[in-house]
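Now for the letters of each chain:
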Amino acid sequence: GENVEQHPSTLSVQEGDSAVIKCTYSDSASNYFPWYKQELGKRPQLIIDIRSNVGEKKDQRIAVTLNKTAKHFSLHITETQPEDSAVYFCAEPRRPGTYKYIFGTGTRLKVLA
Amino acid sequence: NAGVTQTPKFQVLKTGQSMTLQCAQDMNHEYMSWYRQDPGMGLRLIHYSVGAGITDQGEVPNGYNVSRSTTEDFPLRLLSAAPSQTSVYFCASRRQGQESQPQHFGDGTRLSIL
């Protein structure tokens, strides 16, 4: 199918806690897994991505993990801050040719001060 | 580089009117796409292009036309606007490559159909 399953749809955490968002993809041959952040009224922007030849990638407080067996990848945000509040999207470039770039339905993260 | 530029930023139309949303990129990207974003629906792919002269349908193409006469421009046309097309529209571009590349988005066009 066309959908990329993303959970949860909303997530509230206390400032300083961790947040985890998970996406399940459909094509076992997919090799690129990005995460985008969209602040209110703004464009989506890439925050981190991972390729299928590694299982985890970190960039300061954010990390992405990949489980190819289960066909899912997750975004981890540690030590959350109020500015992390946004909508987060995963995406999957679909074959053939990875021309079609399909997004998940998004997760609205709210960090409570 | 300006990146991906969309015009207009806001537009109000009456049902049945036609209009064109403009998108231009100055990064020499081969791939360009149009998405619509509705509350709770995420980003849905309308049409995409892999190069000048080549376009294809995405998830929700009905009611929209596109063309790609140059690498830089990828306009989206609404032939006869309907209230169901009220949405925020994003244009995106990315480089071609054997491995997938990240998308670069414009600032969006907020469209209301009355």
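Residues numbered from 1 in each chain as written. Chains lettered and ligands numbered in written order. Predicted model: local features only at pLDDT ≥ 70, side-chain atom pairs only at ≥ 80, totals over all residues. Heavy atoms only, no water.

Asker: Honestly, the packing of aromatic side chains in this entry has me stumped. Any pointers?
Answerer: Aromatic ring pairs: the centre-centre distance and the angle between the two ring planes describe each pair. Applying the stated criterion to the full structure yields 12 aromatic pairs over all chains. Measuring from centroid to centroid gives 6.2 Å for B:Phe90 and B:Phe105, while their planes differ by 90 degrees, and the two rings are edge-to-face. Of this pair, B:Phe90 sits in strand E9 (residues 87–94) while B:Phe105 sits in strand E10 (residues 104–105), placing them 15 residues apart in sequence. Among the aromatic residues, those joined into a ring-pair cluster are A:Tyr36, A:Phe89, A:Phe103, B:Tyr35, B:Phe90 and B:Phe105. The side chain of B:Arg68 reaches across the aromatic face of B:Phe74, ending 6.0 Å from its centre. (Phe/Tyr/Trp six-rings, centres within 6.5 Å; stacked < 30°, edge-to-face > 60°. Helix = DSSP H or I, 4+ residues; strand = E, 2+ residues; numbered from the N terminus. Lys NZ or Arg CZ within 6 Å of the ring centre and 35° of its normal.)

Asker: Could you clarify how one ought to interpret the pairing of strand E6 (residues 56–59) of chain A in this entry?
Answerer: Regular strands place side chains that alternate from one sheet face to the opposite one. As defined by bridge partners, E6(A) adjoins strand E7 (residues 62–67) of chain A across four bridges and the pair is classed as antiparallel. Within the sheet, the bridge partner assigned to A:Glu56 lies in E7(A) and is A:Thr65. (Pairing = 2+ DSSP bridges.)

Asker: Can you help me understand the interface of chain B and chain A in this one?
Answerer: A common way to state how big an interface is: give the accessible area lost once the parts meet. Contacts between the two partners involve 22 residues from chain B and, on the opposite side, 21 residues from chain A. Note on chain B versus chain A: buried area summed over both sides is about 2000 Å², and carbon and sulfur give 53% of it. It is B:Leu43, B:Ser100 and B:Phe105 in chain B that bury the most area against chain A; as a group they hold 26% of the surface buried on that side. Where chain B packs against chain A, one counts one salt bridge. Between A:Arg43 and B:Asp107 there is a salt bridge, with the nearest N and O atoms lying 2.6 Å from each other. The interface formed by chain B and chain A includes four residue pairs in polar contact (both at pLDDT 80 or more). Secondary-structure elements contributing two or more residues to the side of chain B that touches chain A are strand E4 (31–38), strand E5 (42–51) and E9 of chain B. Among the elements that take part in the side of chain B that touches chain A, E5(B) stands out by supplying five residues, more than any other. Classifying every residue of the side of chain B that touches chain A by side-chain character gives 10 nonpolar, eight polar and four charged. (Contact = heavy atoms within 4.5 Å. Buried area = accessible area lost by both parts, 1.4 Å probe. Salt bridge = Lys/Arg side-chain N within 4 Å of Asp/Glu carboxyl O. Polar contact = N/O pair within 3.5 Å; in protein donor to acceptor, adjacent residues only side chain to side chain. Nonpolar A, V, L, I, M, F, W, Y, C, P; charged D, E, K, R; others polar.)

Asker: Whenever I open this one, unusual backbone geometry confuses me. Can you help?
Answerer: Excluding glycine, a negative phi dihedral is what most residues carry, and trans is how most peptide bonds are arranged. The residue after A:His7, namely A:Pro8, is reached through a cis peptide bond having omega -5 degrees. Here A:Pro8 lies in the loop between strand E1 (5–7) and strand E2 (10–14). For the bond running from B:Thr7 to B:Pro8, omega is -5 degrees, close enough to zero to count as cis. Here B:Pro8 is to be found in the loop between strand E1 (4–7) and strand E2 (10–13). Despite not being glycine, A:Gln60 shows a phi value in the positive range, around 60 degrees. You will see that A:Lys71, though not glycine, has its phi angle at about 60 degrees, which is positive. Its location among the elements puts A:Lys71 in the loop between E7 and strand E8 (72–77).

Asker: I tried to follow the sheet that holds strand E3 (residues 19–25) of chain B on my own but got confused; where do I start?
Answerer: All names here are of chain B. An order of E1-E3-E8-E7 is seen for the four strands of this open sheet, with the pairing classed as antiparallel. Where the open sheet ends on each side, the last strands, each with one partner, are E1 and strand E7 (64–66). Strand-to-strand twist across the sheet, computed as the mean angle between neighbouring axes with direction ignored, equals 20 degrees. Here E3 runs beside strand E8 (residues 76–78); their pairing, made up of three bridges, is antiparallel. Paired with methionine 19 across the strands is leucine 78, a residue of E8. (Axes fitted to C-alpha atoms, helices over the stretch in contact; angles between N-to-C directions.)

Asker: So what exactly am I meant to see when it comes to the pattern of salt bridges here?
Answerer: Between side chains of opposite charge, pairing is possible as soon as their charged atoms come close. One pass over the full model with this rule turns up six salt bridges over all chains. Measuring nitrogen to oxygen at the nearest pair gives 2.9 Å for the salt bridge that ties A:Asp84 to A:Arg61. Highlighted residues: A:Asp84 in the loop between E8 and strand E9 (86–94) and A:Arg61 in the loop between E6 and E7, separated in sequence by 23 residues. A cluster of three or more residues bridged by salt bridges with shared partners is formed by B:Arg36, B:Asp38 and B:Arg44.

Geometric descriptors of this kind do not, in isolation, establish any biological role.
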